[in-house]
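Fold and contact review
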Amino acid sequence: MELFLDTAKIDEIRRALDWGILDGVTTNPTHIAATGRRFREVVEEICALVPGPVSLEVVGTTADQMVAEAQDLARIGPNVVVKIPTIEEGIKATTRLTQMGIKTNLTLVFSAAQALLAAKAGATYVSPFVGRLDGIGHSGSEVVGQIKTIYDNYGYDTKIIVAAVRHPMHILEAALIGAQVVTSRLDILEQLFHHPMTDAGLEQFLADWAKVPQ
Ligand code: E4P
């Protein structure tokens, strides 16, 4: 399973890269705004820093605008994946971008039906937003399971990025379903490291080691 960091903050990306297990980064307009920096400057820095795929989102709402933006973004580097909203114009744009060989991440996916259309358009990735679905009383992980079944049924290559995760259980559920990727905030990824019994066990081992004659 691949782990992506969902942020545009350089210090967070550096911290996660240090672990040696970070596979990529996803950004969105909200993340860019949170940096307080110019879009182009920050995304160029991220793409140069991260060896794996980096998702950069278009803001146009027509297929023509999305395709033009995507072509421009793709020039930033070979690791650029263009994030396209899963709307009718976005599907049209994705079909064209697939033909051009530009990698896409269909974002704001809230149903398996949307994910089916994205796969038919040749999307590289789809991003179901599990936490936002849970937040309105639906089951985000159930939708991820449906998408996985559909993709397996028809042999679609589109990879599932479980997004908008809110806690480690979302990551665990994604792994059990077999989603290829999870993108998460840094603080949630950090929670994966910890277990109170690991801390207690280590404390005991170190205390016992101190009694060993050196
Ligand atoms: C995914 O690529 C999105 O950037 C992200 O997961 C959005 O999630 P949010 O609901 O935390 O804003």
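For clarity, every value in this text was computed on a predicted model and none was experimentally measured. (Residues numbered from 1 in each chain as written. Predicted model: local features only at pLDDT ≥ 70, side-chain atom pairs only at ≥ 80, totals over all residues. Heavy atoms only, no water.)

1. Quick word on the pairing of strand β5 (residues 104–109)
Among the 6 residues in β5, 5 count as buried, and that is most of the element. Taken together, strand β4 (residues 80–85), helix α5 (residues 88–100) and β5 form a β-α-β motif whose crossover is right-handed. Summarising the sheet, β5 and strand β6 (residues 125–128) pair through 3 bridges and their orientation is parallel. In the sheet register, V109 faces β6, and the bridge partner there is P128. With helix α6 (residues 112–120) bridging β5 and the parallel β6, this β-α-β connection has right-handed handedness. (Buried < 20%, exposed > 50% of the residue type's maximum accessible area, 1.4 Å probe, protein only. Helix = DSSP H or I, 4+ residues; strand = E, 2+ residues; numbered from the N terminus. Right-handed = clockwise from strand over helix to strand, strands pointing away. Pairing = 2+ DSSP bridges.)

2. Quick notes on the pattern of salt bridges
This structure, assessed with the given rule, holds 13 salt bridges. For the salt bridge of R15 with E190, the shortest nitrogen-to-oxygen distance reads 2.7 Å. Here the residue R15 occupies a position in helix α1 (residues 10–19), and E190 occupies one in helix α10 (residues 186–191), the gap between them amounting to 175 residues. For R15, a relative accessible area of 45% corresponds to the partly exposed category. Across the salt bridge formed by K83 and E57, the nearest N and O atoms sit 3.8 Å from each other. Of this pair, K83 sits in strand β4 while E57 sits in strand β3 (residues 54–57), placing them 26 residues apart in sequence. By relative accessible area, K83 is classed as buried at 4%. Within the structure, one salt-bridge network assembled from shared partners comprises R40, E44, D72 and R75. (Salt bridge = Lys/Arg side-chain N within 4 Å of Asp/Glu carboxyl O.)

3. Here we look at unusual backbone geometry
Residues other than glycine seldom take positive phi values, yet L108 does so here, at roughly 60°. Relative to the helices and strands, L108 resides in strand β5. Even without being glycine, A164 reaches a positive phi, approximately 55°. Its location among the elements puts A164 in the loop between β7 (159–162) and α9 (168–177). Note on A164: relative accessible area 9%, which makes it buried.

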